[in-house]
Amino acid sequence: MSSARKFLAELRQEIESHVGVNHIFLNRLAVSPMAKQDYRVFAENHYPLVCAFTSYLELLLLRAPDSEARLWLSRVLVDEYGEGSEGKDHSTLYAAYLNAAGGDSAAEDAGVLRAPALEFIETHQELVRKRPFLEGLGAVGPGHEWSIPKMFDSIIPGLRRAGFDEQEIGYFTLHLDQDEDHGTWLEEALARYCDTEEAQQQVRRGTLASLEARRRFWDGVQAAVIRYRQPRATRPDGPEPRRVLHEVALTAWDGSAIGRRVEEMRQSRQQAQHPTLEALLQRCRAVG
Amino acid sequence: MKILLVMPTPYETGRLGLENSVWLSEPVALTAIAATVSDRHEVKVLDMRLEREEVLAATIAQWRPDLVGTTSMTTDVYQAKAVLRMTRQIAPGALTVVGGHAATLQPEEFQEPYIDVIVQGEGEETFEQLVERWDAQRDVQARTFDGIDGLRYADGQQWAVMPKRSQVKNLDELPVPDRGLIDKYKGRYFFVSARGMASIFTSRGCSYDCNFCAIWEFYERRTRYLSAEKIVDQMEACDEQFVFVLDDNFLTNKKRVLAFCEEIEKRGVKKFWMTQGRTDFVADNPEIMARLSRCGMIGLLSGFESNDDDNLEALRKKNTWEKNRRANDIMRELGIFSTGIFMVRADWEEAQFDALYEYINTLEIGIPLVTILTPLPGTQLYRAYKDKLMTTDYRLFDLLHCVLPTKLPREEFYKHFARSIDDCDPSIRRAMKNVFVKRPDLARAMAPHMPWFYARTWRYQRVHRDHTSFLRDEEGLLNGPGARDGLTWEDIQYPGDEPSIGDEPRIEARETLVQLKIPKRIWADDVPAPEAKPAPRRKALEAANTQVQKEAS
Ligand code: B12
Ligand code: SF4
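Because the structure is predicted, anything quoted here is derived from the model rather than measured.

**Notes on the site of ligand 1**
All names here are of chain B.
Phase 1: Taken together, 38 residues are adjacent to ligand 1, and Glu19, Thr71, Thr74, Glu124 and Asp248 come closest.
Phase 2: Between ligand 1 and the protein, one listed contact pairs an oxygen atom with a side-chain N or O atom of Thr75 at 3.1 Å.
Phase 3: Residue His101 places a side-chain N or O atom 3.1 Å away from an oxygen atom belonging to ligand 1.
Phase 4: Contributing elements (two or more residues each) for the shell around ligand 1: α1 (18–21), α2 (28–34), β4 (67–71), α6 (124–137) and α7 (215–218).
Phase 5: The leading source of residues in the shell around ligand 1 is α2, at three residues.
Phase 6: For the shell around ligand 1, the domains that each give at least three residues are domain 1 (2–161) and domain 2 (186–468).

And the structure:
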């Protein structure tokens, strides 16, 4: 096996066993009876990622060093824009799912981004704009195409259990097949580039940066689902036991009206500073 | 070979649950089975209740265990499954094993493609053999375990069910649980403010047959004991000052209890320990209780269950409220914390809640745990009501959510349930004061952790006090897949024409057991509601509210 192929096989394995791809939240979705309400929170957080994906490809396309890379990127873009899904682009498909879960895609389009999505999108925009081309390719290529089928394998059974019909979850089922295809083309494209140690390291760095962002994203979505169910969480211990004073201070803070108001104000101020998805994409295109 | 044993975490970090503020015990199931593993193998225990979530995936990915085992009670079914599913995804070569109460009583729930072995019943011997067999077979990835009793394994598309394992006759022969494996969590387990608490067991099983409890089925209606020497050896080996004895019914055999006291006295062991036991033993044996108290007993968790004898009878508790009362008096006198577990029922109305809370205040129970009578899988109650469940989401079987339709509108029901926190507060205050006055040594030992306990409990109670917490937890999950759609209270009217208690057996116990005469009718309609006297504190609150309303108008 050539060194490039060997590297890619190892990379694939690394992706498949990565925490971001096998996040406990995804496994919980796969095995627990979540309700549509939980999936609404999930969808509201996930929707912007779907809408932003094409922007990474477009930005990367501008920087593609040769026709091989341009060809792969354009193929994926064409699919994202609706080839193979009856002309519906992927964000339209996702919007249908979001609305079926009780969400409002129009409101999401107009509203400011939630923290987990904002962080994920910014990380990726940074990767495709500012890092070497191969790092960006690592993030949107293997980081997405090789990880999504496995992640969606965890998500789809739960969606069916919650009562969504096949049309409503079309976005997810479509990706199982499409991403397998994209993944195979990608392997061919990458095999050409990954022939030096440096190129391999760049692809791997980008891939892992994307998966790490994915892990943080799932952490955030899980936290949002929990907050929806139980807004006044009891703050159980973390990995380190809290000191008595810390416990007492937390309780005093949680219990005081001032504490609550300050926290609410801080949160809404933070949230207000977040851009809308449209603004973020435009800003990025302009800079790109 | 590398073996990873995982105590799953409850899903929602802010979820209501005992382990949030009242009781977090060591994962003894895991340290017990780990102790049987030969020194040739390496074992790690992860208690996910005390770890960051990503540690699990990282450990599986980096440490690459050859076997991952987890434990499960009914409420944790999905957590255990998620652990094993994740294992299969990250390390497909590892054998995935589940054991515990849920695995034993509802094994079908775990028959999943990502689970290789389900261990049923007591785990020590089965696990020991399983580990050795897997060690021999794992090179060729052969995952069949024919000939090992007490488990079922996936054999192609089928599940092969091995014969039941006979229980270890003499508990003394079992290796002592390997607490060294959880050293890194030392000091973090607790019961109330007894923090830095070790957990041991000294007996297994119970010879009663309450119809809401599956312990007697799990242990085949037999009780086995560790010898007094072994118990005290274990207590002495704990560095912790507090020890929780996890037995379901510690107080069952006078001879052994006395032998235990003798051993403690002989060796001069000074530990504060608490356990679980029935109130009738306490009521009938005040002198033994006094001796136990001198031997370090500081708390007893008992199922008081009800303030009503008919209800106790319907639950087959074989106890009376008078014994509950006497037991509580004795414990108060001795300065033993009484933790009484009570169960409200789906068919209750305001008056019954009032009467229960008043009863608790009259008794002055130290820690009243008010729960909801729940048909837990594996129990007689479950067999009777499994077709009447509003949900099959096992997370809601935590005795804090009502899985049957309630007679009151659900919101009302939870309002009354949630007010137990405030309505029983006088009971707690008086009982605490009493214990600390009577046992200054205990007060001194617990005092340093009191602020810690109160701070956490306050936050926990804030969630519990808010009845919408319960509604939010179950939103969208009632009448879901597997449950009967559109079920209402009327569907579960418990008609007066059912045969009464003591008639022919209607519900079968597990085939291995004597068939008992179990009443089909558990909720007796003709049982008069306990006299409805609002609790004094509630009356005062109501008066205050009326006053405010008057002023406002
Ligand atoms: C301590 C305890 C708790 C602790 C923590 C539990 C824990 N797992 O550490 C706390 C206080 C948090 C707790 C809470 C609850 N508990 Co609790 N708890 C117990 C108790 C008293 C002891 C558990 C224990 O450590 N036993 C000692 C070990 C050695 O026994 P074991 O767990 O059975 O393990 C053996 C086998 O099962 C098997 N095994 C177990 N796991 C594994 C794994 C593998 C891989 C293998 C091979 C074998 C194996 O081998 C072990 C050695 O023989 C048991 C009663 C009991 N006798 O077990 C109830 C019990 C487990 N709890 C029960 C219940 C109902 C609850 C609650 C729902 C309600 C409540 N109010 O108590 C809550 C739920 C909390 C939640 N998360 O939602 C029920 C569960 C019934 C069921 N159908 O699942 C039990 C059985 C009590 C009863 N009377 O019915 N509980
Ligand atoms: S509730 Fe207690 S007394 Fe009744 S069977 Fe269970 S362990 Fe025994």
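**Here we look at the pairing of strand β1 (residues 2–7) of chain B**
Each regular strand carries side chains that alternate between the two faces of the sheet.
All names here are of chain B.
Phase 1: Among the six residues that make up β1, five are buried, leaving the element largely enclosed by the rest of the structure.
Phase 2: Sheet topology places β1 next to strand β3 (residues 42–47); six bridges connect them, and they run parallel. Bridge assignment links Val6 to a residue of β3, and that residue is Leu46.
Phase 3: Here β1 pairs with β4 via four bridges, running parallel. Residue Leu5 lies in a different strand from β4, and its bridge partner there is Gly69.

**Thoughts on the packing of aromatic side chains**
Phase 1: This model, assessed by the stated rule, comprises 42 aromatic pairs over all chains.
Phase 2: Pairing A:Phe217 with A:Trp218 gives two aromatic rings, centres 5.1 Å apart and planes at 55°, and the pair type is tilted.
Phase 3: Under the relative-accessibility criterion, A:Phe217 is labelled buried at 1%.
Phase 4: When its relative accessible area of 0% is taken as the criterion, A:Trp218 is described as buried.
Phase 5: Note on B:Phe260 and B:Trp273: the rings are 5.3 Å apart at their centroids and 85° apart in plane angle, and the pair reads as edge-to-face. Of the two residues, B:Phe260 is situated in helix α9 (residues 254–267) and B:Trp273 in strand β15 (residues 272–276); the sequence distance between them amounts to 13 residues.
Phase 6: Directly above the ring of B:Phe201 sits B:Arg204, whose terminal nitrogen or CZ lies 4.2 Å from the centroid.
Phase 7: Sitting above the plane of the B:Trp216 ring, B:Arg221 keeps its charged end 5.9 Å from the centroid.

Reading guide: rules and limits
- Residues numbered from 1 in each chain as written.
- Chains lettered and ligands numbered in written order.
- Predicted model: local features only at pLDDT ≥ 70, side-chain atom pairs only at ≥ 80, totals over all residues.
- Heavy atoms only, no water.
- Near = heavy atom within 4 Å.
- Polar contact = N/O pair within 3.5 Å; in protein donor to acceptor, adjacent residues only side chain to side chain.
- Helix = DSSP H or I, 4+ residues; strand = E, 2+ residues; numbered from the N terminus.
- Domains from an automatic or database assignment.
- Buried < 20%, exposed > 50% of the residue type's maximum accessible area, 1.4 Å probe, protein only.
- Pairing = 2+ DSSP bridges.
- Phe/Tyr/Trp six-rings, centres within 6.5 Å; stacked < 30°, edge-to-face > 60°.
- Lys NZ or Arg CZ within 6 Å of the ring centre and 35° of its normal.

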